[in-house]
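What the coordinates show
Here are the chains, one letter per residue:
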Amino acid sequence: MVRVCPRYCPCHSMKILLVEDDSTLGEAVMLAIRQAGFTVDWTRDGVQAEHALSGFLYDAVLLDLGLPRREGIEVLRNLRKRGATLPVIVLTARDSIEDRVRGLDAGADDYLLKPFSLEELLARLRALLRRAHGVANSTVSVGRLCFDSVRREASVGETRLALSARELEVLEILLNHAGRVTAKEAIVDRLAGWDDGVGENAVEVYIHRLRRKLEGSGAAIRTLRGLGYLLEAER
Ligand code: CA
């Protein structure tokens with residue numbers, strides 16, 4: 001599980017409000033967001049959404065436009081009228097330019113046309129949250145391991161890990177693919193820019209060292225024979 005988190009550890013989980021009346025889509029989006037490490041509240045109509053927004057603090061909203069009881073666009077307008085600046089991504093099947101402009105005018109930060117890929121939704125959500133929180137949100141975490149891509153630092157709890165430049169690079173590659181398999185050749189490829197070149201054996205050495213340094217961090221690098229490496233939170 002990878003999370004966008006603030007500079008300091010332990011990383012707090014960001015809370016997202018999902019407003020979607022379609023059960024199948026709502027469930028798929030909710031699961032994907034949860035798996036990505038966010039906390040999610042799911043409401044299915046515009047009135048419920050306004051209740052949630054006035055009673056709880058959210059880091060972002062995913063808002064369908066065609067909603068029972070109150071239109072998404074109205075929910076959005078009311079939210080902005082109250083001065084709330086949290087990022088809102090509009091999810092809609094309406095693809096006329098007029099609708100898009102209406103949504104953006106009402107205060108949407110981004111737009112996704114249905115059907116959309118969950119990966120794209122997550123990428124846009126992370127990008128918006130990073131922007132909303134400035135560079136302080138350049139950190140991702142797996143288990144208790146936090147990696148700050150701006151400072152180029154990895155830490156576990158309060159302790160900064162002593163990693164060589166190449167170990168950091170390998171860790172960053174794995175973190176960018178966290179939860180998915182990274183082929184050994186892909187790492188060799190990424191490290192090819194280093195002056196003396198790096199072979200597969202060298203990658204194995206870096207992985208071996210990283211594993212030792214990650215002991216007790218709650219993050220582990222698994223080897224999947226013939227496929228590559230997988231960085232994931234220990235269960
Ligand atoms: Ca709808």
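Scanning the protein chain for helices and strands turns up 8 helices and 12 strands. For the protein chain, the proportion of its 235 residues judged to be buried stands at 47%. Long-range contacts, defined as pairs at least 24 residues apart, comprise 58% of the intrachain contacts of the protein chain with a sequence gap of at least 6. For the protein chain, the accessible area works out to roughly 12,000 Å², and carbon and sulfur atoms hold 50% of it.

Okay, the coordination of the calcium ion next. On the protein side, the calcium ion has D21 (OD), D64 (OD) and G66 (O) as donor atoms, found 2.2 to 2.3 Å from it. One chain supplies every donor to the calcium ion, and in sequence these donors are spaced D-x42-D-x1-G. What makes D64 buried here is its relative accessible area of 4%.

Below, the discussion takes up the confidence of the model for the protein chain. Chain-level statistics for the protein chain give a pLDDT mean of 85 and a share of 89% at 70 or above. Per-element averaging of pLDDT across the protein chain places strand β1 (residues 3-5) at the bottom with 47 and strand β4 (residues 60-64) at the top with 96. Taken together, the stretch residues 4-12 has pLDDT below 50 and engages in 29 contacts with residues farther than four places along the chain or on a different chain.

Moving on: the pairing of strand β7 (residues 139-142). Pairing of β7 with strand β8 (residues 145-148) involves 4 bridges; the strand directions are antiparallel. Within the sheet, the bridge partner assigned to S141 lies in β8 and is C146. Counted along the chain from β7 to the antiparallel partner β8, the turn is 2 residues long, and its residue G143 has a positive phi close to 60 degrees.

Let's shift gears to helix α1 (residues 23-35). Between the first and last C-alpha of α1 there are 18 Å, a value that for 13 residues agrees with the 18 Å anticipated at 1.5 Å per step. Here α1 has its buried residues at G26, V29, M30, A32 and I33. Looking straight down α1, one finds that the buried residues subtend no more than 165 degrees of arc, so they occupy a single side. Pointing more than 90 degrees away from the buried face of α1 are the exposed residues T24 and Q35. At the N-terminal end of α1, a side-chain oxygen is found 3.0 Å from the backbone nitrogen of T24, two or three residues along, and the residue is D22. Immediately downstream of α1, the backbone of G37 shows phi near 100 degrees, a positive value.

The rules behind each value
Residues numbered from 1 in each chain as written. Predicted model: local features only at pLDDT ≥ 70, side-chain atom pairs only at ≥ 80, totals over all residues. Heavy atoms only, no water. Helix = DSSP H or I, 4+ residues; strand = E, 2+ residues; numbered from the N terminus. Buried < 20%, exposed > 50% of the residue type's maximum accessible area, 1.4 Å probe, protein only. Contact = heavy atoms within 4.5 Å. Areas by Shrake-Rupley, 256 points an atom, 1.4 Å probe, with all protein chains shown as cover. Donors = N, O, S within 2.8 Å, 3.2 Å for Na, K, Ca; no water. pLDDT = per-residue confidence, 0-100. Pairing = 2+ DSSP bridges. Expected span 1.5 Å × (residues − 1). Arc of directions from axis to C-beta. Polar contact = N/O pair within 3.5 Å; in protein donor to acceptor, adjacent residues only side chain to side chain.

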